[in-house]
Amino acid sequence: MKNFVLLWVIVIVFSGCRKEAISWDVDTLFPIMHTKMTLQQAIPDSMISTGVHQDLNLIYNGTLIDFRLDSVISMPDTTIKDEFFLPFGSITLLPGQNFLSDTNYTRYDLGGAQLTQLNIQSGTIELRLSSSLNEASVLEYSLPTATKNGIPFFVKENIPAGTTSNPSIIVKTYDISGYNISLTGIHNNDYNIISNAYRAYIDSTGNSVIVNQGDKFVAQTTMTGITPNYARGYFGVHNITESANDQVIDAFQNITSGTMDLDAVSMVFKIKNDIGVDLKVNINELTGINTKNNSTITLNSPLSNSPVNLNRANEDNGAYSNIMPTHYQTILDPSNSNITEFVSNLPNQLKYDFDIVLNPLCNVSNSNDFIYHNTGMEIALDAEIPFKFNASNLVIVDTSDFDIDSTSQEEVQKIQSGFIKVYAHNWYPFDLTAQFYLLDQNATIIDSVFDTPQLIQGGTPIFGVVDDPTQSMIQAPVSPSKIDHLYEATHIYTKVKVNSTDTGKTQIYSNYNLDIRVVGDFNYLISIK
């Protein structure tokens, strides 16, 4: 650009001595874009490791499926109502005198679960009081077996005087998060029992009151939105089906199409159980889907033919201590599965179908099942795979910024002709094909640099390793329409396709890359009037 500016100054100086228009053809090299592409770009950094000889390996330590099983314990909203009502006659109540005193024992229907202990993650109690007594009264309400920091749940509320036609009503809501509730009942040998205690009396600072026929005092409590943080007891036998058709996997998000025929893949398939319940797991289907090339591979392995039995997790020091999960694992390799084909398909989605049985042997724990909030069963894969493969129509992409300065378009009648030249240094030991697309500010393709994808020759390996890249230059003439598109473009989208046809797999090393420089070799027409 400096040469171009100097020439422009010379043109202006000499034009002052002439009256007719002057024009020059000027050849200028203009850098458009530079990028360096690697196959590693197609894979997250966390999945790549480098060996001592700079050989690359694929690392996968990830959770495929995470089932939260705490939903097997569901606490329904429950309303309890107690009332004082005078059906006939009249009585006189003195200040401080009780007129309602009761303890209710309510059994929750928990769908077959028999709980003895519950810690509440979140939830509320709504207390709704209505009184037509013509004197202020007091209600004391407690949950005797629900404690927090050793203190039972207890509230005391004052209710103003009311009338039969216009009863006094108050509504209060209390947060019961963090409360521990014993559900074993009055004799500590039952399950699913919550006790509620009421005591209502005339305000001791008030006056005596005559209660007539039809007068009423109602206390209603509703436990709502109860989410357990911890539960203990016998959870019953549950059959759960977990399935999905399109669970996303992010491992190969930058590979737009194609497959890799990887070297022999070996993976550790793991299941973790972190709830205090025995599990039986049937893996009916585990299919990897590559939506980019519309291919699917279903995993065939010993897991497909027999259930997996996992013992219950343990607590290292009783309730509310650390969970000690149990594990199952098996190695999947070409000798017992099609794991190589499964992974080589580069799935970006999973389709799965699992049947899970909780407590397949019933109450073998003597009502000591346990579960914590947000726990369940996890299925994971661990693998370290040499980045060694043959590729079939494997496509990787990259987007680069560029902008041709158009501030002088009124004086410089744009570009008259020329070429777009691509200089490539290819370290990979196989040929590549590349195409370059011009994108506008909306990331829409408005043109391509070449009419067809261009061949970029591969490097020559010596003893299996490329020490020096192969250098190539390819070029395309610029048409008037392409010149216009160059001024409109804000980005270049590079698309590289890999087809390695060697019978043996190609090991990829950390220094391998494709270095690309795109240069405009343009002819400008400069015209001075």
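As shown above, the structure is provided for reference.
The structure displayed is predicted, hence computed values, not measured ones. (Residues numbered from 1 in each chain as written. Predicted model: local features only at pLDDT ≥ 70, side-chain atom pairs only at ≥ 80, totals over all residues. Heavy atoms only, no water.)

Examining the overall build of the protein
So, point 1. Tallying secondary structure elements over the protein gives three helices and 35 strands in all.
So, point 2. On C-alpha atoms alone, the protein measures out to a radius of gyration of 38 Å, which is more than a quarter above the 24 Å that the 2.2 N^0.38 rule sets for 529 residues.
So, point 3. Dimensions of the protein, computed from C-alpha atoms along their principal axes, come out at roughly 125 × 70 × 35 Å.
So, point 4. Residues classed as buried in the protein amount to 48% of the 529 residues present.
So, point 5. Nonlocal contacts in the protein, meaning residues at least 24 apart in sequence, comprise 86% of its contacts between residues at least 6 apart.
So, point 6. Of the roughly 25,500 Å² that the protein leaves accessible, carbon and sulfur atoms contribute 47%.
So, point 7. Distance between charge centres in the protein, computed from 29 positive and 55 negative side chains, equals 3 Å. (Helix = DSSP H or I, 4+ residues; strand = E, 2+ residues; numbered from the N terminus. Rg over C-alpha atoms; globule rule 2.2 N^0.38 Å. Buried < 20%, exposed > 50% of the residue type's maximum accessible area, 1.4 Å probe, protein only. Contact = heavy atoms within 4.5 Å. Areas by Shrake-Rupley, 256 points an atom, 1.4 Å probe, with all protein chains shown as cover. Lys, Arg positive; Asp, Glu negative; His and termini not counted. Charge placed at Lys NZ, Arg CZ, Asp CG, Glu CD.)

Points about the nonpolar core
So, point 1. Membership of the largest hydrophobic core comes to 135 residues, with the highest contact counts inside it found for Leu39, Leu139, Phe153 and Phe436.
So, point 2. Leaving out residues up to four positions away in the same chain, Leu139 has contacts with Leu127, Leu129, Val155, Lys156, Glu157, Ile159, Tyr198, Arg199, Ala200, Phe217 and Ala219. (Core = buried A, V, L, I, M, F, W, Y, C linked by side-chain atoms within 4.5 Å.)

Observations regarding the sheet that holds strand E17 (residues 267-273)
So, point 1. Taken together, the five strands give an open sheet; going across it, the order is E2-E3-E26-E17-E23, and neighbouring strands pair in antiparallel fashion. Across the chains shown, the open sheet's two edge strands, defined by having one partner strand only, are strand E2 (48-50) and strand E23 (326-332). Taking each pair of neighbouring strands and ignoring which way they run, the sheet shows an average axis angle of 20°. (Pairing = 2+ DSSP bridges. Axes fitted to C-alpha atoms, helices over the stretch in contact; angles between N-to-C directions.)

What about the packing of aromatic side chains?
So, point 1. The final tally for this structure, using the stated rule, is 18 aromatic pairs.
So, point 2. Their ring planes at 75° and their centres at 5.6 Å tell us that Tyr352 and Phe354 sit as a pair that is edge-to-face.
So, point 3. You can call Tyr352 buried: its relative accessible area is 8%.
So, point 4. Each ring, one from Phe387 and one from Phe389, has its centre 5.3 Å from the other, and the planes form 35°; the classification is tilted.
So, point 5. According to the relative accessible area criterion, Phe387 is buried, its value standing at 0%.
So, point 6. Here a set of aromatic residues connected by ring pairs shows up, and it is made of Tyr141, Phe153, Tyr174, Tyr179 and Tyr198.
So, point 7. Note that Arg107 overlies the ring of Tyr191, its terminal NZ or CZ placed 5.0 Å from the centroid. (Phe/Tyr/Trp six-rings, centres within 6.5 Å; stacked < 30°, edge-to-face > 60°. Lys NZ or Arg CZ within 6 Å of the ring centre and 35° of its normal.)

So, the environment of Leu139
So, point 1. Here Leu139 shows up in strand E8 (residues 137-148).
So, point 2. You can call Leu139 buried: its relative accessible area is 1%.
So, point 3. Residues Leu139 and Ser101, 38 residues apart in the sequence, show an inter-C-alpha distance of 9.7 Å.

Things to note about the environment of Leu350
So, point 1. With respect to the helices and strands, the residue Leu350 is situated in strand E24 (residues 349-358).
So, point 2. Looking at Leu350, the relative accessible area reads 1%, which means it is buried.
So, point 3. Between the alpha carbons of Leu350 and Asn317 there is a distance of 38 Å; along the sequence they are 33 residues apart.
So, point 4. Once you skip the residues sitting within four places of it in the chain, Leu350 turns out to touch Leu64, Ala244, Asn245, Asp246, Gln247, Ile249, Leu286, Thr287, Gly288 and Phe342.

Notes on the pattern of salt bridges
So, point 1. Overall, the coordinates contain 11 salt bridges when judged by the stated rule.
So, point 2. With a shortest N-O distance of 3.1 Å, Glu157 and Lys172 are connected by a salt bridge. Here Glu157, found in strand E9 (residues 151-159), pairs with Lys172, found in strand E10 (residues 168-175); they are 15 residues apart in sequence, far enough to count as distant.
So, point 3. In this structure, the salt-bridge partner of Asp369 is Arg312, at a minimum N-O distance of 2.7 Å. Taken together, the positions of Asp369 in strand E25 (residues 369-372) and Arg312 in the loop between strand E20 (308-310) and strand E21 (314-315) put the pair 57 residues apart, joining distant regions of the chain. (Salt bridge = Lys/Arg side-chain N within 4 Å of Asp/Glu carboxyl O.)

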